[in-house]
Amino acid sequence: MKSLYPSLFFLCLTIVWAGCSGKNTPAHQNQNNVNEYKKLVGGGCDGCEIMYIDMPENIPSVDTSSGWFEEGQKLIVAGTVFQIDGKTPAPDVILYYWQTDNKGYYSPKEKMDKTATRHGHIRGWVKTDQNGKYIINTIRPAPYPNDVLPAHIHLSVKEPDLENEYYTDEINFDDDKLLIAHFKKHKQENRGGSGVVRVLIRENMQIAEHDIILGLNIPNYPK
Ligand SMILES: [Fe+2]
């Protein structure tokens, strides 16, 4: 994703509430910040702290986003979070998600925290249960308007035993027409595993399974 920064940064300027993840090296970061970020597990990111804004104290393993109650294709994302061995389920891991609405905007909501508006109003948290499982009920995000970036849901992970959070590959959808062209130009990082999910259709619902392997392809991850 690093090679996308110039275009993403431009998009951030263009769409006021764009929730661009920022990743490691946004154009406006100074060198000191970049150096500090490099030391962090995951390499840091611009806007990581937004995860903690309005984060509930008690987080269940199932969350229903506000998008679920809006116009759009209902989508259930469900999966298991594993330790780095890829086999052992990881309980008590917080996943923070944020996404565009069904028009492709990180649209804010009235009375929303001003800083968090950058991620739009369709955002939330799940904490994995004792079997490492989680479920997010939401709607299918639309791609950014007039852009070639595939539709996606951003994810940040906060593990109980790590001091800082890190982002994983965004969730992308295997039936997205923009996906193949995008991956021809930009290699997947596979942070936490591939973010591409297979979309299954059950009645009027779309269902996507997304497992995450903690630490996989994450810089500075403790061995
Ligand atoms: Fe985004």
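Structure report, in brief. What you see is a predicted model, and the numbers here were worked out from it, not measured in a lab.

Moving on: the coordination of the iron ion. Tetrahedral metal sites with four donors have an ideal angle of 109.5 degrees; octahedral sites with six donors have ideal angles of 90 or 180 degrees. Protein-derived coordination of the iron ion comes from Tyr106 (OH), Tyr144 (OH), His152 (NE2) and His154 (NE2), at a distance range of 2.0 to 2.2 Å. Taken together, the 4 donor atoms coordinating the iron ion and their angles of 94 to 158° define a geometry best described as irregular. Each donor residue of the iron ion lies on one chain, and together they are spaced Y-x37-Y-x7-H-x1-H. Pair noted here: tyrosine 106 is in the loop between β3 (94–99) and β4 (123–127) and tyrosine 144 is in the loop between β5 (133–139) and β6 (153–158), with a separation of 38 residues, a long-range link. What makes tyrosine 106 buried here is its relative accessible area of 1%.

Here the structure, examined in full by the defined rule, presents 1 disulfide. The residue that forms a disulfide with cysteine 45 is cysteine 48, at a sulfur-sulfur distance of 1.8 Å. When the S-S torsion is 110°, as for the bridge of cysteine 45 with cysteine 48, the disulfide is right-handed. Given a relative accessible area of 8%, cysteine 48 falls into the buried group.

Considering all chains together, one arrives at 4 aromatic pairs under this definition. Where tyrosine 166 meets tyrosine 221, the ring centres are 6.1 Å apart and the plane angle is 85°; that geometry is what we call edge-to-face. You can see tyrosine 166 sitting in strand β7 (residues 166–167) and its partner tyrosine 221 sitting in the segment after β12 (212–213), a full 55 residues away along the chain. Here tyrosine 166 falls in the buried class, since its relative accessible area comes to 2%. Aromatic rings pair up to connect Tyr96, Trp98 and Trp125 into one cluster. Positioned over the ring face of tryptophan 68 is lysine 74, at 5.0 Å from the centre of the ring.

Turning our eyes to something else, we now look at the pairing of strand β2 (residues 74–82). Burial analysis of β2 places 7 of its 9 residues in the buried class, the great majority of the element. Strand direction decides the pairing type here: β2 and β5, joined by 7 bridges, are antiparallel. Paired with valine 77 across the strands is isoleucine 136, a residue of β5. In this structure, β2 lies alongside β12, joined through 2 bridges in parallel fashion. Bridged to valine 81 within β12 is isoleucine 212.

This next bit is on the sheet that holds β3. Read across the open sheet, the 4 strands follow the order β4-β3-β6-β7; overall the sheet is antiparallel. Strand pairing shows two members of the sheet lacking a second neighbour, β4 and β7, which therefore form its edges. Judged from the 6 bridges that link them, β3 and β6 form a sheet pairing that is antiparallel. Counted as the bridge partner of tyrosine 97 is leucine 155 from β6.

Conventions and cut-offs
- Residues numbered from 1 in each chain as written.
- Predicted model: local features only at pLDDT ≥ 70, side-chain atom pairs only at ≥ 80, totals over all residues.
- Heavy atoms only, no water.
- Donors = N, O, S within 2.8 Å, 3.2 Å for Na, K, Ca; no water.
- Tetrahedral: all angles 85-135°; square planar, octahedral: opposite > 155°, others 65-115°.
- Helix = DSSP H or I, 4+ residues; strand = E, 2+ residues; numbered from the N terminus.
- Buried < 20%, exposed > 50% of the residue type's maximum accessible area, 1.4 Å probe, protein only.
- Disulfide = S-S within 2.5 Å.
- Phe/Tyr/Trp six-rings, centres within 6.5 Å; stacked < 30°, edge-to-face > 60°.
- Lys NZ or Arg CZ within 6 Å of the ring centre and 35° of its normal.
- Pairing = 2+ DSSP bridges.

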